[in-house]
Amino acid sequence: MTHTKYDQELFCGRIFRSKSIANKLFSSVLTTTFKSLPFLPLDTHELVLDGLFSYLRPSFKELEVNTALTTQTHLDFLWYKGNEVIRKRFKDPSLQLSDIAAELTVSKRYLSQAFRQRGTTVHKQLMAFRLKRASVMLSEEHCRHFSVEEIAKRSGFKQVSHFSRLFKEEFGITPSEKRNQSVFY
């Protein structure tokens, strides 16, 4: 959730299926925050969102763990945990298969098998996550002041040329074209 746009239905009904008091409170905090963002200076949006999610991260973590516990096999669980490491460390441009495998205390081959079972590789999953993050940042008003180079670096790419080439392959347009397509309020 790096978006300043927010759909309350995302949380009420789809992610939080139960109507527990905790889920209602959680959804209420998110709704209030996202309704208040338009009244705050744009340069503070990222700080507010980062602070909010730092505060709420333990709840998200619990939801993720519960999801992981319902997986079918160890390879499913390993794929899930590998994606968790990718989400946590994607900004590190030197992150690679061996780092993720070491963090999960499994062999590179076994981790690769978990991703191959899902029709992808660790590297492809990492690049897809980085590209998606960059695409969101290029579309968001609160990231408008970042250059394409800065967005590439914040998304974990070492070189802008590599980022631009992969971005165009994935989305069919350049990062600059993506930024110009976005409607800013």
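Cut-off values and rules
- Residues numbered from 1 in each chain as written.
- Predicted model: local features only at pLDDT ≥ 70, side-chain atom pairs only at ≥ 80, totals over all residues.
- Heavy atoms only, no water.
- Axes fitted to C-alpha atoms, helices over the stretch in contact; angles between N-to-C directions.
- Helix = DSSP H or I, 4+ residues; strand = E, 2+ residues; numbered from the N terminus.
- Parallel < 35°, antiparallel > 145°, perpendicular 65-115°, else oblique.
- Contact = heavy atoms within 4.5 Å.
- Nonpolar A, V, L, I, M, F, W, Y, C, P; charged D, E, K, R; others polar.
- Core = buried A, V, L, I, M, F, W, Y, C linked by side-chain atoms within 4.5 Å.
- Buried < 20%, exposed > 50% of the residue type's maximum accessible area, 1.4 Å probe, protein only.
- pLDDT = per-residue confidence, 0-100.
- Salt bridge = Lys/Arg side-chain N within 4 Å of Asp/Glu carboxyl O.

Colleague: An account of the packing of helix α4 (residues 74–89) against helix α6 (residues 108–116) is needed here, citing residue identities and associated values.
Modeller: Packing of α4 against α6 leaves a shortest axis separation of 8 Å and a crossing angle of 100°. When the axes of α4 and α6 are compared, the pair comes out roughly perpendicular. Contacts between α4 and α6 pair His74, Leu75, Leu78, Trp79, Gly82, Asn83 and Ile86 from the former with Tyr110, Leu111, Gln113, Ala114 and Phe115 from the latter. Class assignment for the residues of the contact of α4 with α6 results in 8 nonpolar, 4 polar and no charged.

Colleague: Tell me about the nonpolar core, and name the residues and values.
Modeller: Among the nonpolar cores identified, the biggest contains 29 residues, and Ile100, Leu111, Phe157 and Phe163 are the most heavily contacted of them. In terms of residues, this core owes the most to one element, helix α7 (residues 122–139), which gives 7 residues. Apart from residues no more than four positions distant in its own chain, Ile100 is found in contact with Gly82, Val85, Ile86, Leu95, Leu111 and Val122.

Colleague: Go over the confidence of the model for the protein chain, please, and point to the residues and values.
Modeller: Overall, the predicted model of the protein chain reaches an average pLDDT of 81, with 77% of residues at or above 70. Taken together, the stretch residues 1–10 has pLDDT below 50 and engages in 31 contacts with residues farther than four places along the chain or on a different chain.

Colleague: Describe the pattern of salt bridges, listing the residues and the values that go with them.
Modeller: The tally for this structure, following the rule as stated, stands at 8 salt bridges. Taking the shortest distance from any N to any O, the salt bridge between Lys81 and Glu84 comes out at 2.9 Å. Placement of both Lys81 and Glu84 in helix α4 is noted, with a separation of 3 residues, approximately one turn of the helix. Among the residues examined, Lys81 registers a relative accessible area of 22% and is labelled partly exposed. For Arg89, the salt bridge goes to Asp92, with nearest N and O atoms at 3.6 Å. The class of Arg89 is partly exposed, set by a relative accessible area of 22%. Judged by relative accessible area, which is 27%, Asp92 ranks as partly exposed. Salt bridges linked by common partners bring Lys88, Arg89, Asp92 and Glu103 together as one network.

Colleague: Account for the side chain of Asn83, naming residues and giving values.
Modeller: By secondary structure assignment, the location of Asn83 is in helix α4. Relative accessible area serves as the criterion here: at 8%, Asn83 is assigned to the buried category. Apart from the residues lying within four places of it in its own chain, the contact partners of Asn83 are Phe115 and Gln125.

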